[in-house]
Protein chains: 2
Amino acid sequence: MARIVMKFGGTSMAGIERIRAVAARVKREVAAGNQVAVVVSAMAGETDRLIGFCREASSLYDPKEYDVVVSAGEQITSGLLAIALQAAGVPARSWLGWQLPIATSDAHASARIENIDTSALDASLAAGEVAVIPGFQGVDDDARVATLGRGGSDTSAVAIAAAMKADRCDIYTDVDGVYTTDPRIVPRARKLKKVTYEEMLELASVGAKVLQTRSVGLAMKEGVRVQVLSSFTGEDAPMADTLPGTMIVSEEELGDMERQLITGIAHDKNEAKITLIAVPDKPGAVAAIFAPLAAANINVDMIIQNIAHAAGSTDVTFTVPAADLARSIEVLTQSREKIGYETLVHDTRVAKISVVGVGMRSHAGVASTMFTTLGERGINIQAISTSEIKVSVLIEEDYTELAVRVLHTAYGLDAEDVA
Amino acid sequence: MARIVMKFGGTSMAGIERIRAVAARVKREVAAGNQVAVVVSAMAGETDRLIGFCREASSLYDPKEYDVVVSAGEQITSGLLAIALQAAGVPARSWLGWQLPIATSDAHASARIENIDTSALDASLAAGEVAVIPGFQGVDDDARVATLGRGGSDTSAVAIAAAMKADRCDIYTDVDGVYTTDPRIVPRARKLKKVTYEEMLELASVGAKVLQTRSVGLAMKEGVRVQVLSSFTGEDAPMADTLPGTMIVSEEELGDMERQLITGIAHDKNEAKITLIAVPDKPGAVAAIFAPLAAANINVDMIIQNIAHAAGSTDVTFTVPAADLARSIEVLTQSREKIGYETLVHDTRVAKISVVGVGMRSHAGVASTMFTTLGERGINIQAISTSEIKVSVLIEEDYTELAVRVLHTAYGLDAEDVA
């Protein structure tokens, strides 16, 4: 007997027929003797509909009330899946965030899970029930509903798996695993059998939107074995414990044998580039730029400071999420006098291309191969950032697909044959 | 300063524009110095959508999970109205059923409110906040969401008004008050300024669907002054404390001056007639019929037992809600041997017409006028039932409108002039 968490996304919950298919899938795991908790997303499109209502009601909506509204989507699917499971002969009940409870911080609309009380859950599982838990939601110290932010259901699933000491957390999604790159761009992309938490973190944060970044970080911290697998396979699909998807594991579990130099190529078009022209070249100048952005909770990613002009000033370029561009401009305009820059220019027509792999720790030349390969194709590099297991460059958006394709080949990631 | 409860139905909640109009209406009451709690329904059509999902998932759905699903509709509108009020400059917050809490019985899908803890609510109102409360929902002893059954938001509003000792409970609805009869049938129907609880109960239970019956019974028991008024009037509408709608009051408040002989004529096409032919004419026979129906929670309304046939048997006719007809037939077929009847016949093409008025207590001849008036038009009476303030007859459905019209005239209820 294993304890597993199964998580299903919005596409799997889009309509009763699909919810019934999910129930059948859950039933197979129960029939195999497993204790199962299921974490569900809202029906596809429902969260957007509810967020739309909030925005229409007020552009400056109260996040506490927003949470009351948007958490309803997962509440609905959790009840419906419990009904569908019962109809399939599987004892089941729903547990809303406040019922377990799932305790969160009070950062409404992007709360963090602080604690999950598993006493009721354990009793329910021990009694042979499937526990159906709405993802994305919890309750704060004041007993108000709190949500975790977009994609938070993945985080819910991993947190519940950690709290109930599950043997595995299976994330059923639109794709059947994690690929070396986006197969829509590179048909020869290969599905990875295993990927490390660190690699997945880099791949997720740079645009391989299989799993929410926070959920991967949490899985790493708590040592939860996460498997990504497809929800679109029928009754004859292999059982999840045969690991048909991609397993996200620690570097130890990956082992040396399976370690590749480069695991994947990711791309992200959701960055915007800001350049502040003629910033005074003196101590404290850079802090004056980034402190107000940090205060406004805006994530700055790549930063380049050019060498100083003769006039004692310099240009500073950096990237922010495109969704935060307008707010960033507002914040920087308000701080213009304090920072002392002359002009602000911005550009959303940029893309970040990243090469990721734990193997690069012990191999030199990864960055050099990247720069050479892009240079040969005439692709200009606007900014560079690196980490232990990643090299990222910012390029003109129009070159995204070309860059991904040539890098995929350059690092030997192309599958030998495509059916 | 008064304490008032304002309740808005699904049509008033159908879309953000209307929710904003509701917020404006609430703001006027707050600006007039009142403490206000608002009870909201789900967006028009939403509850049906959610019920449809449950039925599609399983015809035998678990009412506990059904409650989780359908309560989401009011949760959504409560959050949205709180956002719209804040946007209008009115401090507001939502209070879900489990947050106050509103304690209910565990009869899921048709729970009864048992207690409302007003401590948090009182503090919120005292702090100058408008409390927005989803109707229709509460929480049972096991901390599971429970709903009150269709139309339960009226009951929520009255129960909250009673608990917080509100001066008035204003029910905003599609109509602008209670009429002497359905104005779609009788254009000369008049709006009633006041109606007693008892009359409203009879009018509601026989088909004048302005207010849910349970809410009227509760208002009577708790002495809550309920006003029915239109949600479809703009900024220049009279303030609710000028009582522009219909006030539902006690007989004492009504007073002798305003007492009419007959208050209204109601009709109800949602009854079905069942006749058991050749039931043994012996003690206990009738009990054998109605005990299993009661056990199945089916409400029997009109009952007629014909005089015994020569053969020592009799026919028994009664009505049940049309929605319960199939179940009734099933129950009676199972009990056929025990009851000993020969044949069961049924008819859904019937209508119940009722003449209601507290004035009839002190006046004879009301029933006689009814029978004569209907007889003159050739309308056959299939069954009769009476209470202290009501006479009801069962007739063929096709004659409904004719019967209502001639009775409205016969009792002098027609307005003198129609604009």
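Residues numbered from 1 in each chain as written. Chains lettered and ligands numbered in written order. Predicted model: local features only at pLDDT ≥ 70, side-chain atom pairs only at ≥ 80, totals over all residues. Heavy atoms only, no water.

As annotated in an unreviewed UniProt entry, chain A carries the name Aspartokinase and is attributed to Sphingomonas psychrolutea. The UniProt entry for chain A carries the following comment under Sequence similarities (unreviewed entry): "Belongs to the aspartokinase family." We quote the UniProt Catalytic activity (unreviewed entry) comment for chain A here in full: "L-aspartate + ATP = 4-phospho-L-aspartate + ADP". (UniProt positions renumbered as here; feature names shortened; annotations may be inferred.)

Draft legend 1. Highlighting the pattern of salt bridges. Residues and elements named next belong to chain A. If you walk through the whole model with that rule in mind, you get 38 salt bridges over all chains. Among the salt bridges present, the one from Glu65 reaches Arg144, with a minimum N-O distance of 2.9 Å. Of this pair, Glu65 sits in helix α3 (residues 63–70) while Arg144 sits in the loop between β7 (137–139) and β8 (145–147), and the two are 79 residues apart along the sequence. Residue classification places Glu65 among the buried positions, given a relative accessible area of 0%. Overall, the relative accessible area of 8% leaves Arg144 in the buried class. (Salt bridge = Lys/Arg side-chain N within 4 Å of Asp/Glu carboxyl O. Helix = DSSP H or I, 4+ residues; strand = E, 2+ residues; numbered from the N terminus. Buried < 20%, exposed > 50% of the residue type's maximum accessible area, 1.4 Å probe, protein only.)

Draft legend 2. Examining the side chain of Asp315(B) more closely. Residue and element names in this part refer to chain B. Relative to the helices and strands, Asp315 is located in strand β16 (residues 313–321). Buried Asp315, no salt bridge; nearest opposite-charge side chain is Lys273, N-O distance 11 Å. Asp315 has contacts with Thr275, Leu276, Ile277, Ala278, Ile304, Gln305, Asn306 and His309, leaving out every residue within four places of it along the chain. (Lys, Arg positive; Asp, Glu negative; His and termini not counted. Contact = heavy atoms within 4.5 Å.)

Draft legend 3. Highlighting the relation of the copies chain B and chain A. Here chain B sits on chain A after a turn of 179° about the axis and a move of 0.0 Å along it, with an RMSD of 0.2 Å. Here the two chains are linked by the operation of a two-fold rotation axis. No C-alpha of chain B approaches the rotation axis more nearly than that of Ala72(B), which lies at 2.6 Å. Most of the interface of chain B is mirrored in chain A: 100% of its interface residues are interface residues there too. (Least-squares fit on C-alpha atoms with pLDDT ≥ 70 in both.)

Draft legend 4. Structural context of the domain arrangement of chain A. In terms of domain boundaries, chain A breaks down into domain 1 (3–175 + 210–251) and domain 2 (260–419). The C-alpha-based centres of domain 1 of chain A and domain 2 of chain A are spaced at 34 Å. (Domains from an automatic or database assignment.)

Draft legend 5. Geometry of the interface of chain B and chain A. Facing the 39 residues of chain B at the interface are 39 residues of chain A. Interface of chain B and chain A: buried area, both sides summed, is about 3200 Å²; carbon and sulfur atoms make up 63% of it. Among the residues of chain B in contact with chain A, Glu65(B), Ile83(B) and Trp98(B) are the three that bury the most area, contributing 19% of the side total. Between chain B and chain A we count two salt bridges in total. Counting every contact that joins chain B to chain A gives 16 residue pairs in polar contact (both at pLDDT 80 or more). Elements with a contribution of two residues or more to the side of chain B that touches chain A: α1 (16–31), α2 (46–57), α3 (63–70), α4 (72–87) and β3 (92–94) of chain B. The element best represented in the side of chain B that touches chain A is α4(B), accounting for 11 residues. (Buried area = accessible area lost by both parts, 1.4 Å probe. Polar contact = N/O pair within 3.5 Å; in protein donor to acceptor, adjacent residues only side chain to side chain.)

Draft legend 6. Up close: a negative patch on the surface. A cluster of acidic side chains, namely Asp106(A), Glu114(A), Asp141(A) and Asp142(A), defines a negative patch on the protein surface. By the secondary structure assignment, Glu114(A) is in strand β5 (residues 113–116). (Patch = residues over 30% accessible without salt bridge, like charges linked within 9 Å, V, L, I, M, F, W, Y side chains within 5 Å. Areas by Shrake-Rupley, 256 points an atom, 1.4 Å probe, with all protein chains shown as cover. Charge placed at Lys NZ, Arg CZ, Asp CG, Glu CD.)

Draft legend 7. Highlighting the side chain of Ser392(B). Positionally, Ser392(B) belongs in strand β20 (residues 390–396). Of note is the side chain of Ser392(B), whose polar atom sits 2.7 Å from the side chain of Ser354(B).

Draft legend 8. Quick look at α2(B). With 12 residues, α2(B) ought to run about 16 Å at 1.5 Å a step, and its terminal C-alpha atoms sit 17 Å apart, in line with that. Every buried residue of α2(B) is listed here: Glu46(B), Thr47(B), Leu50(B), Ile51(B), Phe53(B), Cys54(B) and Ala57(B). Buried residues of α2(B), seen end-on, are gathered within an arc of 150° and therefore sit on one face of the element. Where the residues of α2(B) are buried, they touch α1 (16–31), α2 (46–57) and α4 (72–87) of chain A together with α3 and α4 of chain B. (Expected span 1.5 Å × (residues − 1). Arc of directions from axis to C-beta.)

Draft legend 9. Looking closely at the UniProt feature "domain: ACT" (unreviewed entry) in chain A. Under the UniProt annotation, "domain: ACT" (unreviewed entry) lies at residues 274–350 and 355–419 of chain A. Structurally, residues 274–350 of chain A comprises 32% helix and 32% strand, and the distance from its first C-alpha atom to its last is 11 Å.

Draft legend 10. Just the packing of α2(B) against α3(B), in detail. Residues and elements named next belong to chain B. At a closest axis distance of 9 Å, the pairing of α2 and α3 adopts a crossing angle of 145°. The two elements α2 and α3 meet at a crossing, and its hand is right-handed. Touching Leu50, Ile51 and Cys54 of α2 are Tyr66, Val69 and Val70, all from α3. Within the contact of α2 with α3, the residues separate by chemical class into six nonpolar, no polar and no charged. (Axes fitted to C-alpha atoms, helices over the stretch in contact; angles between N-to-C directions. Left-handed = near helix turned anticlockwise from the far one by under 90°. Nonpolar A, V, L, I, M, F, W, Y, C, P; charged D, E, K, R; others polar.)

Draft legend 11. How the structure looks around unusual backbone geometry. Residue and element names in this part refer to chain A. The amide bond that connects Leu100 to the next residue, Pro101, takes the cis arrangement and shows omega of -10°. Position of Pro101 relative to the elements: it lies in the loop between β3 (92–94) and β4 (102–104). Even without being a glycine, Leu243 presents a positive backbone phi close to 55°. Topologically, Leu243 is positioned in the loop between β11 (226–230) and β12 (246–249).

Draft legend 12. Broad picture of the sheet that holds strand β11 (residues 226–230) of chain B. Residues and elements named next belong to chain B. Spatial ordering of the open sheet is given by β3-β6-β2-β1-β9-β11-β12-β10, a layout of eight strands whose pairing is mixed. With one partner strand each, in any of the chains shown, β3 and β10 (194–196) form the two edges of the open sheet. On average, adjacent strands in this sheet sit at an angle of 20° to one another, irrespective of strand direction. Where strand β1 (residues 3–8) and strand β2 (residues 35–40) come together, six bridges link them in parallel fashion. Paired with Met6 across the strands is Val38, a residue of β2. Along the sheet face, α1 touches β1, β2, β6 (130–134), β9 (168–173) and β11 and points at about 170° away from the line of β1. The strands that α4 touches are β2, β3 and β6; relative to β6, the one it contacts most, it runs at about 160°. (Pairing = 2+ DSSP bridges.)

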